[in-house]
Amino acid sequence: MPLPRILINEDSPTDLRQLVEELNRSHLACDTRCTSTQAGFVEALDQFAPDLIISDYYLCDFDGLQVLSLARQHRPGTPVIILTTALNEEIAVECMKRGAADYVLKSRLPSIIPAATSLLERQKIASEKARLEYEHRQLFRLTPNLFCITSDTGLFLDANDAWTSRLGYSAAELAGKHLHSLVHPDDLPTFLAWWEEILCPPSPGTTPEPSSRTTEFECRLLHHDGRPRHIVWNATSLLSDSRVYAYGHDNTERKAVEAALRESEARFRAMADSAPVLMWVADPELRFIYFNRPWLEFTGRPLEHELRNGWTRGVHPDDLPRCVEMLQTSNQNRSPFRILFRLRRRDGAFRWILDYGMPRFDQHNVFLGYIGSCIDITEQHEAEAALTQRAVKQNALVNFSSFALARHPFSTLLNGAVRTVSDTLIVEHCQVLALAPDGTHFTLAASSDPEEDAPSLGQNVSDATPAMFTGRMLLLPDDADHFPGAGALSLRGIRNGLSVIIGSGEKPYGLLVAATSQPHSLSGDSASFLQSIANILSTVHARNLAEDALAESEQKLLQSQKMEAVGQLAGGVAHDFNNLLTAVRCYAEILNDDLTEQAPAAQPKVAEILKATARASALTRQLLAFSRKQIVQPEVLDLNHVITDIGDILRSLLSENIVFEHISSQQPATIRADRGQIEQVIINLAINARDAMPQGGRLTLRTATRLLTSRDDDTRDLPPGPYIELSVCDSGVGMSPDVQSHLFEPFFTTKPKGRGTGLGLATCNVILKNAGGGIRCASRLGEGTTFMVLLPEVREEEFRPECFEDETPMGRAESILLVEDDESVRFVTETILRSLGYSVHTEPGGPEALALCLSDHAPRFDLLFTDIVMPFIGGHELAERLTALRPGLKVMFMSGFVDDPAVLQAVQKGKTPFLEKPYNRQTLAKKLREALDSR
């Protein structure tokens, strides 16, 4: 609390000192200021704002009456005590008339302390009262609710501004009105009763009579425009002054909101009760507070039994822990959820329910709980489960079929069959019973429980009866009298079983048996699955029997394996030979360029070297085709040029008594295929023709264009369109129709033992189909044979790499990392690359190239050009490591022989550029440019 401020107006220093000492002696806590002139006094009134003024009457430039006048003017209400040295009643009376609070003689100065204390206390009380009155008036005026003071009859005595803002009545309009005149007519009787209750004191004898009564009441008041407003009243009657103080809260908006809320809730309940789904609402603690009518009709329990956590009594016990965990986790995260569980219907049956729950939030994002809907999806779930089981069975059947096709030992296949049946059908007992050679009993060949059945493997487990091989499935318990091992199964508690035959009816292998102690049925899809497994075993068993009977086929297979080994050897020879040819060919080209100015006369000799290397390259391609390790690189070929290029090889394969003739078409016979494979087809057909003419004859190769239509007999598996036809005609012994029907089957041959594998024509057929073409045969005994090769014609010009006059693409200062283990190939390739304008860095192997790229000052490379077949680290592995270290590094392979299936596949699909050895300068330049310019 601030100290009271006392302004002392005294021009006598002695009197001033005595007055101050008196104040100090009395320990009156105050803040004082002293003035002695009129100007100083006026200034202190404005700035110091005193609570009490003590002033001498006689001053140098003004007197006490002027002091009173100035105080009243500048600080109205501030008490003034007048001091003087002589008592003059007229002056005292005049001062009191002018507003002085007291008149004290200086000779009685101590008496001023009680007077000052009293005046300050009265001043403090007056100020507090004025403050309270001001605050109460402000509250009365500014409160947004209705406040009024009336007489005991309800006549308005005072009203705040809210009557204008809420009801539209001004203070002037309310004057002279009674409060009940504003009440809605329908509410007036209850209002008057309430008013009487306020005014009527309680009956004596119960409680002491109070001085006032307070109660609450709600009614409607009429707005100035006639609209009703809902007002909640609190009123107090003061019996002493016959006044009523009434306070009214306008409840109209809340009433409207409540009405809208009730209407909305009614709509929600009507909608929820008519919805075809089960609906619920939960609070933030996951206490369920609402279930719609379909839910209650579904469960058959009243609402009070379902509320809170009562609904969980209907959930299947196996699903309840998962549901509770899902609800709690979702509630913690305030996230939506989806639950699939089983709920007991009113008839006791459990139904599959799909429950979707969504969190609820108010407009302030406060979490309110969850609302959810449930759908009965029992039929859909059962159908999906059936489809799933069917898909599982089909997948298991496909996997077992693939397993069976892999030619495993039959015992391994039997063990796989019982495991597949046991895991797929979820049965604990599955066996294969093998029929003894004498047909009298069964031995245990395989079991899904090898540990328990280990002692019985290979032992007699059941007698065989004709009823077990009637061709139909045997079912437990229906066929218990004829079911194999029914007694032993019964001892294990197994009651349901199924038995199907493995093998044909004439020579069956045995029985496939599945049994279980579970109540589920083994009929329907399960029976079909078991029969399918048995059919696969039957097929493999029949295949094994056929293979055992065909000893000659085994010899053919041995012959094929021998030839494969020879092919591997040929491939290895071709690899080394291609490295040599690469060096010879490239150095010959460099020499040819050098001789252009130095010794032009010697160039024809170098050209012969290049021709010889080209023929040697064709020979190595034949070796690689023979080993079936060539990389398939389709390109546009002119079939006439292909036959011309391998003419020398064809002539060397034929006997001297065979005349070879090549008749070319007048137009280019352009196709898209792999050169090596097409050459392999021509050579195979030429060799077959040679063998068909042991006494000599004529072999004619003719090329022509042909248009196949939908009516053409040769169309068959070929679409109509333009084709290039290659006819290979011989004048040999010809073939019978029976031989022709088996002509393209693998291992079929008419040649003497040791002269052929029977794979030649089958390989040709596969090569041509892969190229989009086909092969036909026309032959008669004694009249020779004609093979017709059909390949789709392409409208592109063949690229002839031997055309030296073509422009050679140059480098653009790109940096190339060359990795080649053959020193001669590495040096000549580096020379060519530098002559083409490339920056080259060479390494003799993969480890050296990898070490270079891992060094601190490794240069940047645009392309890795690497051989594939190298010691320690091959080209494929080197490319994988370097591209991982340097993303974006381009790669091009080269090789004369590739035996890595991954590299073969990558190159054949065009994923990685490949340059086949031997190569020349122009081919190398073109391939490099294509690799560098590719995206």
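Source: prediction; values computed, not measured.

A. How the structure looks around the overall build of the protein chain. Along its length, the protein chain carries 29 helices and 33 strands. Counting only residues that meet the buried cut, the protein chain has 43% of its 935 residues in that class. Excluding contacts between residues fewer than 6 apart, the proportion of contacts in the protein chain whose partners are at least 24 apart in sequence is 61%. A total of about 48800 Å² of accessible surface is found on the protein chain, and carbon and sulfur atoms cover 54% of it.

B. Region of interest: the packing of aromatic side chains. Enumeration according to the criterion identifies 20 aromatic pairs in this entry. Note on F41 and F62: the rings are 6.1 Å apart at their centroids and 40 degrees apart in plane angle, and the pair reads as tilted. With a gap of 21 residues between them, F41 in helix α2 (residues 38–47) and F62 in the loop between β3 (52–56) and α3 (64–74) connect regions that are remote in the sequence. For the residue pair F41 and F62, the accessibility class agrees, reading buried in each case. A centroid spacing of 6.2 Å and a plane angle of 55 degrees characterise the contact between F191 and F217, whose relative ring orientation is tilted.

C. View of the sheet that holds strand β1 (residues 5–9). Ordered in space as β2-β1-β3-β4-β5, the five strands form an open sheet in which the pairing is parallel. Both edges of this open sheet fall to β2 (31–35) and β5 (102–105), since each of them pairs with a single strand only. Taken over all neighbouring pairs, the strand axes of this sheet differ in orientation by 20 degrees on average, direction set aside. Relative to β3, β1 runs parallel, the two being bridged by four bridges.

D. Just the confidence of the model for the protein chain, in detail. When pLDDT is averaged along the protein chain, the result is 81, and 87% of the positions lie at 70 or above. Element-level pLDDT for the protein chain is lowest in helix α28 (residues 901–908), with a mean of 62, against a maximum mean of 95 in strand β29 (residues 815–819). When the criterion is pLDDT under 50, residues 208–212 qualifies, and its contacts beyond four places in sequence or with other chains add up to 11 contacts. Note that residues 801–806 has pLDDT below 50 and, in this model, 11 contacts with residues that lie over four places away or in other chains.

E. Just unusual backbone geometry, in detail. In this chain, K917 is followed by P918 through a cis amide linkage whose omega measures -5 degrees. Of note in the backbone geometry, L286 takes a positive phi value of approximately 60 degrees without being a glycine. Examined against the element boundaries, L286 turns out to sit in the loop between β11 (278–282) and β12 (288–291). The phi angle at F872 is positive, at roughly 70 degrees, despite the residue not being glycine. Under the relative-accessibility criterion, F872 is labelled exposed at 76%.

F. Region of interest: the packing of α2 against α3. Where α2 contacts α3, the two axes come as close as 10 Å, and the packing angle between them is 25 degrees. As far as their axial angle goes, α3 and α2 are roughly parallel. Every pair of crossing elements has a handedness; the one defined by α2 and α3 is right-handed. When α2 is examined against α3, the residues Q38, F41, V42, L45 and D46 are found in contact with a partner set consisting of V67, L70, A71 and H74.

Parameters at a glance
- Residues numbered from 1 in each chain as written.
- Predicted model: local features only at pLDDT ≥ 70, side-chain atom pairs only at ≥ 80, totals over all residues.
- Heavy atoms only, no water.
- Helix = DSSP H or I, 4+ residues; strand = E, 2+ residues; numbered from the N terminus.
- Buried < 20%, exposed > 50% of the residue type's maximum accessible area, 1.4 Å probe, protein only.
- Contact = heavy atoms within 4.5 Å.
- Areas by Shrake-Rupley, 256 points an atom, 1.4 Å probe, with all protein chains shown as cover.
- Phe/Tyr/Trp six-rings, centres within 6.5 Å; stacked < 30°, edge-to-face > 60°.
- Pairing = 2+ DSSP bridges.
- Axes fitted to C-alpha atoms, helices over the stretch in contact; angles between N-to-C directions.
- pLDDT = per-residue confidence, 0-100.
- Parallel < 35°, antiparallel > 145°, perpendicular 65-115°, else oblique.
- Left-handed = near helix turned anticlockwise from the far one by under 90°.

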